[in-house]
Amino acid sequence: LDMYFSLKRTHANLLRDVWREVDAISRTLRVSLEKTGNDQPERYFAQLAPEVSSFENVLGVAFYDRQGRLVITSPSLQGRQLPEVDVQSVMLNKTPTDGFYMQEAARRYYRVEPIVSTMGKGIAAFIVIEDFPFYTRELRGRMLQTALTVLMLAVVLSAIVSMVIRQGISRPLRVFT
């Protein structure tokens, strides 16, 4: 039971780490584009797409124009399915959105951020996609580590019990025989 709760806690902690990592990357990218873009952030999209993709555990980034059309994707996303997201509403509400989607056989986490003009209007957006198989590998590794730890504890405990039985029961019985 303890192992189950430990794995649930590990799962929750890893999800929180993934969320915080993508949140930090996307917020930094959004602030950078809003401050340097001069209400024309699209001129930086082509330069930023491959750079953001090179971040650890980031599969890629895609940029959308004022009409919500996909304009640039990082090379790592070429030919890949992107999540179905209403980019126009993200820009209109100026509120990021995130979630999970299935891409081929892998579950992916994404975050869509609006880019807001100096006038306070949503003028573009981008999506950052996390390399979620990293998360799966990490969770499996921690599960294996936990299972091996429990197994080793069981072996040590059985050795201690065996020694106690031998010392406390077997030897006194030999005296009577």
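Structure: see above.
Residues numbered from 1 in each chain as written. Predicted model: local features only at pLDDT ≥ 70, side-chain atom pairs only at ≥ 80, totals over all residues. Heavy atoms only, no water.

Some words on the overall build of the protein
Heads up, the condition is: The way it works is that DSSP assigns letters per residue, a run of H or I at least four long becomes a helix, a run of E at least two long becomes a strand, and they are numbered from the N terminus. Per-residue accessibility, obtained with a 1.4 Å probe over protein chains only, is compared with the maximum for each type, and a residue is labelled buried under 20%, exposed over 50%, and partly exposed between these values. Any two residues having at least one pair of non-hydrogen atoms within 4.5 Å are treated as being in contact. For the charge count, each Lys or Arg is scored as positive and each Asp or Glu as negative, with His and the chain ends excluded. For charged residues, the charge sits on one atom: NZ in Lys, CZ in Arg, CG in Asp, CD in Glu.
If you tally the helices and strands in the protein, you get 4 helices and 5 strands. Reading the helices (α) and strands (β) of the protein from amino to carboxyl end gives α-α-β-β-α-β-β-β-α. A principal-axis box enclosing the C-alpha atoms of the protein has dimensions of 95 × 30 × 25 Å. Out of the 177 residues belonging to the protein, those deemed buried represent 35%. A sequence separation of at least 24 residues applies to 51% of the contacts in the protein between residues at least 6 apart. Separation of charge centres in the protein, based on 22 positive and 18 negative side chains, amounts to 9 Å.

Observations regarding the side chain of Asp-23
Rules: Polar contacts, as counted here, are pairs of nitrogen or oxygen atoms within 3.5 Å of one another; within protein the pair requires one atom able to donate a hydrogen and one able to accept it, and residues that are adjacent in sequence qualify only if both atoms are side-chain atoms.
Following the sequence through the fold, Asp-23 ends up in helix α1 (residues 2–36). Using a relative accessible area of 8% as the deciding quantity, one classes Asp-23 as buried. Within polar-contact distance, the side chain of Asp-23 engages the side chain of Arg-111 at 3.0 Å.

Description of the pattern of salt bridges
Operational definition: Take a side-chain nitrogen of Lys or Arg and a carboxyl oxygen of Asp or Glu: if they are within 4 Å of each other, that pair is a salt bridge.
Evaluated as defined, the whole model comprises 8 salt bridges. Between Asp-65 and Arg-69 there is a salt bridge, with its nearest N and O atoms 2.9 Å apart. On the accessibility criterion, Asp-65 (12% relative accessible area) is buried. Sharing partners across several salt bridges, the network here consists of Asp-23, Arg-27, Arg-30, Glu-34, Arg-111 and Glu-113.

Digging into the sheet that holds strand β3 (residues 97–103)
Stated formally: Two strands are said to pair when DSSP picks up at least two bridges between them. Lines fitted to C-alpha atoms define the axes, with helix axes restricted to the stretch in contact, and inter-axis angles between N-to-C directions lie between 0 and 180 degrees.
Strand order across the open sheet formed by 5 strands is β2-β1-β5-β4-β3, with antiparallel pairing between neighbours. Two strands lie at the open edges of the sheet, namely β2 (70–73) and β3, each paired on one side alone. Pairwise comparison of adjacent strand axes, ignoring direction, gives a mean angle of 25 degrees for this sheet. The pairing of strand β1 (residues 58–64) with β2 spans 3 bridges and is antiparallel. Counterpart to Tyr-64 in the pairing with β2 is Leu-70.

Remarks on unusual backbone geometry
Here the phi dihedral of Lys-94 falls at roughly 55 degrees; this positive angle occurs in a residue that is not glycine. With respect to the helices and strands, Lys-94 occurs in the loop between α3 (87–93) and β3.

A look at the packing of aromatic side chains
Note the cut-off: Only Phe, Tyr and Trp rings are paired, with Trp represented by its six-membered ring, and only when their centres lie within 6.5 Å; those with planes under 30 degrees apart are stacked, over 60 edge-to-face, the remainder tilted.
In total, this model carries 4 aromatic pairs according to the counting rule given. Pairing Phe-45 with Phe-63 gives two aromatic rings, centres 4.2 Å apart and planes at 15 degrees, and the pair type is stacked. With Phe-45 in helix α2 (residues 42–53) and Phe-63 in strand β1, the pair connects residues that are 18 residues apart, well separated along the chain. Here Phe-45 and Phe-63 have matching classes, each one buried.

Notes on the pairing of strand β5 (residues 122–130)
The element β5 is largely enclosed, with a buried count of 9 among its 9 residues. One ladder, built from 6 bridges, connects β1 with β5; its direction is antiparallel. Looking at the pairing, Phe-63 lines up with Phe-126 of β5. One ladder, built from 7 bridges, connects strand β4 (residues 106–116) with β5; its direction is antiparallel. Bridging from a neighbouring strand, Val-112 pairs with Ile-127 of β5. Once β4 ends, the chain turns through 5 residues before running back antiparallel as β5, passing Gly-120 with a positive phi of about 85 degrees.

Note that all results are geometric; they support no functional claim without further evidence.
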